[in-house]
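One letter stands for each residue in the lines below.
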Amino acid sequence: MSERQELIKKMMEMQKMFMDYEHKHGVEMEDYFAAEKGHPLEHYRQEYRDLAMKLVDIAHKEVGSRP
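The rules we used
Residues numbered from 1 in each chain as written. Predicted model: local features only at pLDDT ≥ 70, side-chain atom pairs only at ≥ 80, totals over all residues. Heavy atoms only, no water. Phe/Tyr/Trp six-rings, centres within 6.5 Å; stacked < 30°, edge-to-face > 60°. Buried < 20%, exposed > 50% of the residue type's maximum accessible area, 1.4 Å probe, protein only. Helix = DSSP H or I, 4+ residues; strand = E, 2+ residues; numbered from the N terminus.

**Side note on the packing of aromatic side chains**
Taken as a whole and assessed by the stated rule, the structure comprises five aromatic pairs. Taken together, a centroid distance of 4.9 Å and an interplanar angle of 90 degrees make the contact between Tyr-32 and Phe-33 edge-to-face. Classification of Tyr-32 as partly exposed rests on a relative accessible area of 29%. Note on Phe-33: relative accessible area 49%, which makes it partly exposed. Aromatic pair Tyr-44 and Tyr-48: ring centres 5.8 Å apart, planes at 20 degrees, arrangement stacked. You can see Tyr-44 and its partner Tyr-48 sitting in helix H3 (residues 44-63), four residues apart, about one turn around the helix. Grouped by ring-pair contacts, the aromatic residues Phe-18, Tyr-32, Phe-33, Tyr-44 and Tyr-48 constitute a single cluster.

The quantities given are spatial measurements derived from coordinates; they are silent on function.
Written as structure tokens, this is what we have:
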């Protein structure tokens, strides 16, 4: 599996986890932006953003453009 496919798979898994959590518990803004230590969403926003940026970088490389 290519790095691009692995990133997309991980992002989809993260989205599913987020949606499952939201449906069961609801999500407050503080949960998303400043979750407490040990909270299931503690690093979610940063990790998802990092994966998305890696995916953007790969896309730029594939088409020969610059970010």
